[in-house]
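# Chains, contacts and geometry: an overview
Okay, here's what each chain looks like letter by letter:
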Amino acid sequence: MPKKVRLPIAVVLALVLALGIAGAPGAAKMAFETTGPHVDEIIMPIIKEQQARRIAYERGESVVWSGLTQPEDIDRAKAMPNSDMTMTLGFHMFYLCFNMRKEPLASQPIRQAIAHCVDRDNIIRTLFKGYMLPMTSFVPQVSPFYKADVPVYPFSYAKAAEVLDKAGYKLDPVTKVRIDPKTGKPLAQMKIFTPTYEVAATSAELGKMIADSCQKVGLPVVPEPMDFPVMLDKIDIRDFDMYVLAWSLSRNPDFLYDFFHSSQDVEAGYNNPGMRNPEYDKQSELLRYASNLKEAKAASDACQMILAREMPYVPLYSRPYIDAFRKDLVTGYVPMKGFGAASYNNLWTTLNIRRVDRSGRPIEGGTIRWALSEEPKNLNPCVASSAYEQEVLSRLNDSLMAMHPDTLDDMPWMARKWDVGVWEPEAGKKGTTVTWYIEKGIKWSDGMPFTAEDVEFTINYLKANKVPRYLPATQDIAKVELIDKYTVKVYFKNVSYWHIYSADLSFLPKHIWKDVKDWKGFEPWKEPHPKIKGYSKLVGTGPFILKEYVPGEYVRLVKNPNYWRLKK
Amino acid sequence: MGFRSYVIKRLVYALIVLYVILTLNFVLFRVMPGDPTKMIIDPNFTPEAKAELRRQYGLDDPPLKQYFTYMGNLLKFDMGLSFSTRRPVWSELKERLPNTIKLFLCTFILTSLTGMRLGVKAAANPGSFTDRVVITAGLFTNAVPTFFIQLLMLLLFGYYWPILPIHGTMSAPPPAGAWNVFLDRLWHLVLPVTSNMIVGFGSWALYARNTMTEALGQDYIVTARAKGISEKDVLYHHALRSVLPPIVTLLFMSLPGMVSGAVITESIFSWHGVGRYLLDATLQMDYPAAQGAFYLIALAVVISNLLADIAYGLVDPRIRVGAGGAK
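Analysis parameters
Residues numbered from 1 in each chain as written. Chains lettered and ligands numbered in written order. Predicted model: local features only at pLDDT ≥ 70, side-chain atom pairs only at ≥ 80, totals over all residues. Helix = DSSP H or I, 4+ residues; strand = E, 2+ residues; numbered from the N terminus. Rg over C-alpha atoms; globule rule 2.2 N^0.38 Å. Buried ≥ 20, exposed ≤ 12 C-beta atoms within 10 Å, placed from the backbone. Contact = placed C-beta atoms within 7 Å. Pairing = 2+ DSSP bridges. Axes fitted to C-alpha atoms, helices over the stretch in contact; angles between N-to-C directions. Core = buried A, V, L, I, M, F, W, Y, C linked by C-beta atoms within 7 Å. Nonpolar A, V, L, I, M, F, W, Y, C, P; charged D, E, K, R; others polar. Right-handed = clockwise from strand over helix to strand, strands pointing away. Parallel < 35°, antiparallel > 145°, perpendicular 65-115°, else oblique.

### Notes on the overall build of chain A
Each helix and strand counted, chain A has 16 helices and 22 strands in total. The C-alpha radius of gyration of chain A comes to 25 Å, within 12% of the 24 Å expected for a compact globule of 568 residues. By the burial criterion, 50% of the 568 residues in chain A qualify as buried. Contacts in chain A between residues far apart in sequence, at least 24 positions, make up 68% of those at least 6 positions apart.

And the structure:
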């Protein structure tokens, strides 16, 4: 068994020191207000070209240069005297996946030896100039479910050779290739699929670096860059040995079930490595159907221990969120763990950002400019699926719960509290219930009250229309019961702690949507509001209202005068 | 063969070509590796949700049924709903077409006029400074990739000397007043059109220079000069007129290339046009959107070829007689 080792902290520290960034691990916690917004208007020019976006930031035509990933961009932003950099750990994971269905990768020692051959520090230093965080866990470090004390496989050719020798994979001194003890023949060639150099140069080079390392201990591994859709096809039909790819994970580790439970080793399922481990299945079922946080945490820990032993993936690195803000123009942005300071998931920056005067003092009101990197093509909340649409919609809508930017704990938001209970969907079977107590006094942006009826309507509407984006959230809902104007109870078909997140949707105003028959074709941002001149049917409960959207040019948001968290 | 029969024959050819293109347009996207629902790599998007999405996209229908639906819809100019936006493709294209046409027309007119004017001037003064500049600059800019020139200009006029807008077709928000809006839009055209002109004028200039040089060596030009006709008239009324047929053809034939060239220009200058739409649709495997954009480009190619054939027949009667075969 591998020894427990600490993360290569030197690299993490080097990264943080190199950046000198607010919000880095260990940096002072950010103060934030739960009221706002503090600007009257946000103009969001759509600038798709990367260089043009950089120039716009440098010219002050955007207060933010968000999601920096390229070392040269980070260096450039850092060098600007009026830039303030923020960095937070993210939910990103780049990994090497094994196909455990076939030999020799079905053999655990081979996978463990390959894991020992991965020099994360060198990869991060060479390919990313240190601007990535080495990752050895299956749950991101930023998640409250991260288990720090799982076994890891430090980079060491000697250890890799030791694991292989112990398992009987002896090195042929002539061919310098390991002999398979089961067949007595040299190991067959193993390929690492990567996207092409043209599409993702760092991924392709990373595949080559891992393959070169493996060859040094006698494992015949070669990189094979290929067209990305072809790669996805091959993964889907399980025609691969290894591949490298990234996941954008989440705070909650329910993905551990989807990624590695044997029931997900089916077409379009996400168990690509083909892991089939009864012990793991049991623990991941306990995780998926945990009735409370304690059970979920225990099952998550157990899953992580098994994964560390089985090694269906080798987690490689995690990309932190690095954003640059023009400190001569704005202040008040809040670095949020897992999401960064400029992410659309970060409600706190939307509420707290404000302009500054020439001496750097915060001022209320006014307009800020915030560049969008893509077109928010469809602002129908039922259809909008990409992050680009959420960049706009998230500022127009609030949710029942919020997430604390430092701890990532759930916070009451439009729901002042919630109760989790159990019911019997049928005799002898249990299901979760979640009762939501909605804050009184919340209004839609057109002045109509937001009530439990809207919550009930939204769930029923999404469920009845089988809206694909919300299907994973609504398919386990059995029924919704309206208790009173501000209380609604959601009944689920089975027990799961995670169901509390299933009803926290992007809500639809009943008074607008009740007459919408074609949910796919409805364009609420284009249709005039039935009662208020100058408003569209895109009505939300969030801090801003969509004032104007000129496709391809800009989005203009103005402060919602009916927002329930306005500072009095 | 009469002109009418000539046009009808060309029209039938054009329709056949269009049919073949549309069929290939359908087939190619289906045989391409990948599946639009596979591009959604999100652990929260379950296999059930993907199956539902495939059903709603119509991707679980048999291919032949999909083909007939596609062809039937195209006849009605119904290009379906985009997979990624769930909006009608034709609505999205209509939004973008004016921008692409505006960019294309300005580029086309300025590039061809500048190129031809310089080409004629160079041909009239062989070995002169203008001639040497036209040949050198024309060959150089024609050989340099468009995106390189455009990124260079973006850097020069967006960053080092920040006097020009670097993205979009208008300011955000635009200024008040119709005249100011017009000027604002014109201002936003400067970088994309100038960069296209720099890249494109060379081929026009070289073509015009070469054809004019050949024409200026003909006997009828010597005769015209001997008759004492002014050099300007010789150039523009005699020589240029005689090289008009191939230039007219080149004019029409260059139309589709400029439409597809919009992909690069629109991407670099964040221009909301058909070219960028095509690129996004192809990358996202958005079949209806990509098919719609290709349909428009195919129409542009076929119509341009048809117009070139007709124009050629009009300016040079030998073509339509020749096309009738050796009777």
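### Structural notes on the sheet that holds strand β4 (residues 92–98) of chain A
All names here are of chain A. Spatially, β5-β9-β4-β8-β6-β7 is the arrangement adopted by the 6 strands of the open sheet, whose pairing is mixed. Each edge of the open sheet carries a strand with a single partner, namely β5 (133–134) and β7 (221–226). Across 4 bridges, the pairing between β4 and strand β9 (residues 313–318) is antiparallel. Bridge pairing links Leu96 to Val314 in β9. Across the sheet, helix α8 (residues 228–236) touches β6 (190–195), β7 and β8 (242–248), and the angle it forms with β6 is around 135 degrees.

### Concerning the sheet that holds strand β12 (residues 354–356) of chain A
Residue and element names in this part refer to chain A. Within the open sheet, the 3 strands sit side by side as β11-β12-β13. Their pairing is antiparallel. Both outer strands of the open sheet, β11 (330–331) and β13 (362–363), are each paired with one neighbouring strand and no more. As paired strands, β11 and β12 are joined by 2 bridges and run antiparallel to one another. Across the sheet, the residue bridging to Val330 is Arg355, located in β12.

### Regarding the nonpolar core
Membership of the largest hydrophobic core comes to 212 residues, with the highest contact counts inside it found for A:Leu96, A:Ala113, A:Met242, A:Tyr243, A:Val314 and B:Ala293. Ignoring any residue separated from it by four or fewer positions in sequence, one finds A:Ala113 in contact with A:Ala160, A:Val163, A:Leu164, A:Val217 and A:Leu219.

### Considering the interface of chain A and chain B
Taken together, the 40 residues of chain A in the interface contact 35 residues of chain B. Contributing elements (two or more residues each) for the side of chain A that touches chain B: β1 (41–45), α2 (50–58), α8, α9 (255–260), α15 (471–474) and β22 (554–559) of chain A. Tallied by class, the residues present in the side of chain A that touches chain B amount to 22 nonpolar, 5 polar and 13 charged.

### A short note on the pairing of β6(A)
Every regular strand shows the same layout, with side chains that alternate between the two sheet faces. Residue and element names in this part refer to chain A. Counting buried positions along β6 gives 5 out of 6 residues, so the element sits mostly inside the fold. Two strands pair when backbone bridges link them, and β6 and β7 are joined in this way by 6 bridges, in the parallel orientation. Along β7, the bridge assignment pairs Ile192 with Pro223. Handedness of the crossover joining β6 and β7 through helix α7 (residues 201–216) is recorded here as right-handed. With 2 bridges joining them, β6 and β8 adopt parallel strand pairing. Opposite Ile192, over in β8, you have Met242 as the bridge partner.

### Some thoughts on the packing of helix α4 (residues 108–117) of chain A against helix α6 (residues 157–166) of chain A
All names here are of chain A. At their nearest, the axes of α4 and α6 sit 8 Å apart, and the two run at 175 degrees to each other. Considered as vectors, α4 and α6 are oriented roughly antiparallel to each other. Residues Pro109, Gln112, Ala113, His116 and Cys117 of α4 touch α6, and the partners they reach there are Tyr157, Lys159, Ala160, Val163 and Leu164. Its residues assigned to classes, the contact of α4 with α6 shows 7 nonpolar, 2 polar and 1 charged.

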